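# Descriptive analysis of the structure
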Amino acid sequence: MKALITGASSGMGRDMAFYLASLGYDVILVARREQRLKEIAKEINSKDGGQAFYVECDLSKRKECVRLYKLVKGEKIDLLINNAGFGYHGYFSEIPLSKELEMIETNIAAVHILTKLFLKDMMKRNRGQILNVASSAGFLPGPMLNTYYATKNYVLRFSEGIYEELRRQGSAVKISVLCPGPVKTEFDKVAHVNFSLSGMKSEAVAKYAIDQTLKGKLVIVPGITMKVGLFFRRFVSEKILLKASYNIQKRKS
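Residues numbered from 1 in each chain as written. Predicted model: local features only at pLDDT ≥ 70, side-chain atom pairs only at ≥ 80, totals over all residues. Heavy atoms only, no water.

Per an unreviewed UniProt entry, the protein chain carries the name SDR family oxidoreductase and comes from Candidatus Limousia pullorum.

As structure tokens, this is what we get:
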């Protein structure tokens with residue numbers, strides 16, 4: 001069995017790679033930071049389980065997404081994990097446009113391109129799974145993290161739509177989408193925020209996400225607190241939700 005994981009140089013991507021290797025998967029690690037990829041691959045390969053390989057790749061560039069696919073398409077990937085992504089905190093009117101476009105390319109375009117390319121191969125074989133990493137932000141509006149929240153809304157609904165198409169086509173290929181709340185990773189450093197809520201451990205979220213994906217779960221929400229919060233959001237008006245969301249994001253400054 002082979003898995004390809006983007007954003008594998010840190011956080012959940014790294015922890016998913018270690019867990020999958022412990023289950024016997026060979027893992028292909030993808031990220032921009034080659035030195036980190038080397039170190040992670042070396043550590044995985046020093047243990048019992050699957051072997052690790054890596055591809056240095058900048059997924060904010062569409063040509064790089066296609067290059068990645070061409071490099072590994074002969075490997076017959078069993079599990080694709082689209083984990084690469086980042087956020088950026090601040091007022092929409094003040095954040096540099098270049099930063100937002102880079103976010104859209106990484107969080108949306110790369111997920112879209114890789115899902116499309118690998119899904120078509122999986123459907124031909126009538127086997128395989130895809131896990132797209134969204135966020136609890138995918139269920140909500142996000143003033144002060146506006147573009148990030150919007151990209152995760154896209155990933156969530158995009159994945160759900162493909163799930164139903166596959167079901168209607170009678171395909172054995174499965175797709176899942178992970179929607180965690182705050183997780184202790186490098187996200188806050190990159191996004192220039194401080195979480196007001198204590199984040200879940202990355203290792204725990206990674207393990208839960210993989211286990212639920214392998215069971216065929218569609219929408220994966222780790223943690224009882226986030227499950228309860230998302231349940232009660234449906235009873236709140238959009239304007240109240242916006243005010244609450246703004247206040248939460250403002251405290252992250």
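Now that the structure has been shown, we can carry on.
A separate point is the overall build of the protein chain. A count of helices and strands for the protein chain gives nine helices and nine strands. Once the C-alpha set of the protein chain is aligned to its principal axes, its extents read approximately 50 × 45 × 35 Å. Once local pairs closer than 6 in sequence are excluded, the contacts in the protein chain between residues at least 24 apart make up 70%. Of the roughly 12600 Å² of accessible surface on the protein chain, 55% is carried by carbon and sulfur atoms. (Helix = DSSP H or I, 4+ residues; strand = E, 2+ residues; numbered from the N terminus. Contact = heavy atoms within 4.5 Å. Areas by Shrake-Rupley, 256 points an atom, 1.4 Å probe, with all protein chains shown as cover.)

The subject of this paragraph is the pairing of strand 3 (residues 52-56). Within a regular strand, the side chains alternate between the two sheet faces. Judged from the five bridges that link them, strand 2 (residues 26-31) and strand 3 form a sheet pairing that is parallel. Note on strand 3: the bridge partner recorded for I28 is F53. (Pairing = 2+ DSSP bridges.)

Before going further, it helps to spend a moment on the environment of K250. Among the secondary structure elements, K250 is positioned in helix 9 (residues 238-250). If we ignore the near neighbours within four places in the chain, the residues touching K250 are Y91 and M144.

What follows concerns the layout of surface pockets. Estimates place the volume of the second largest pocket at around 160 Å³. Taken together, H112, T115, K116, L119, M123, F158, I162, E165, L166 and Q169 make up the lining of the second largest pocket. Looking at the lining of the second largest pocket, the elements that each hand over two or more residues are helix 4 (97-125) and helix 5 (146-168). Among the residues making up the lining of the second largest pocket, the classes are represented as five nonpolar, three polar and two charged. (1 Å grid on protein atoms, 1.4 Å probe; cavity = no way out; pocket = protein on both sides within 12 Å on 5 of 7 lines; lining within 4 Å. Points joined across faces, edges and corners; volume = space filled by probe spheres on them. Nonpolar A, V, L, I, M, F, W, Y, C, P; charged D, E, K, R; others polar.)

Okay, the nonpolar core next. L4, V30, L59, L68 and F118 are the most contacted members of the largest nonpolar core, which totals 35 residues. For this core, the secondary-structure elements that each account for two or more residues are strand 2, helix 3 (62-72), helix 4, helix 5, strand 6 (174-178) and helix 8 (224-232). By residue number, the principal contributor to this core is helix 4, which donates seven residues. In this structure L4 touches I28, V30, L68, V72, I77, L79, L80, I81 and F118, once residues within four positions along its chain are discounted. Listed in part, the 29 residues of the second largest apolar core include A8, V27, L37 and V133. (Core = buried A, V, L, I, M, F, W, Y, C linked by side-chain atoms within 4.5 Å. Buried < 20%, exposed > 50% of the residue type's maximum accessible area, 1.4 Å probe, protein only.)

Contact pair helix 4 / helix 5: the axes reach a minimum separation of 9 Å and the direction vectors enclose 15°. When the interaxial angle is binned, helix 4 and helix 5 end up roughly parallel. In this structure, helix 4 crosses over helix 5, and the sense of that crossing is right-handed. Two secondary-structure elements touch here, helix 4 through E100, M103, I104, N107, I108, V111, H112, T115, L119 and M123 and helix 5 through T147, Y148, T151, K152, Y154, V155, F158, I162 and L166. Tallied by class, the residues present in the contact of helix 4 with helix 5 amount to twelve nonpolar, five polar and two charged. (Axes fitted to C-alpha atoms, helices over the stretch in contact; angles between N-to-C directions. Parallel < 35°, antiparallel > 145°, perpendicular 65-115°, else oblique. Left-handed = near helix turned anticlockwise from the far one by under 90°.)

Turning next to helix 4. Across its 29 residues, helix 4 extends 41 Å between first and last C-alpha, which sits within 8% of the 42 Å expected from 1.5 Å per residue. Within helix 4, the axis deviates most sharply at A109, by approximately 35°. Positive backbone phi, approximately 55°, marks N126, located one or two places after helix 4. (Expected span 1.5 Å × (residues − 1). Bend = angle between axes of the 7 residues up to and from the residue.)

Before going further, it helps to spend a moment on a positive patch on the surface. Among the surface-exposed residues, K70, K73, K116, K120 and K124 lie close enough to one another that they form a single positively charged patch. Position of K116 among the secondary structure elements: in helix 4. (Patch = residues over 30% accessible without salt bridge, like charges linked within 9 Å, V, L, I, M, F, W, Y side chains within 5 Å. Salt bridge = Lys/Arg side-chain N within 4 Å of Asp/Glu carboxyl O. Lys, Arg positive; Asp, Glu negative; His and termini not counted. Charge placed at Lys NZ, Arg CZ, Asp CG, Glu CD.)

Moving on: the environment of K120. Secondary-structure assignment places K120 in helix 4. Residues K120 and V173 lie 53 residues apart in sequence; the distance between their C-alpha atoms is 9.9 Å.

Attention now moves to the packing of helix 1 (residues 11-22) against helix 7 (residues 202-214). Interhelical geometry of helix 1 versus helix 7 gives an angle of 60° and a closest axis separation of 8 Å. Relative to helix 7, helix 1 is oriented oblique. Between helix 1 and helix 7 the crossing geometry is right-handed. Taking contact as the criterion, the partners of G11, M12, D15, M16, Y19 and L20 in helix 1 are, on helix 7, S202, E203, V205, A206, K207, A209, I210 and D211. Of the residues belonging to the contact of helix 1 with helix 7, the class tally is eight nonpolar, two polar and four charged.

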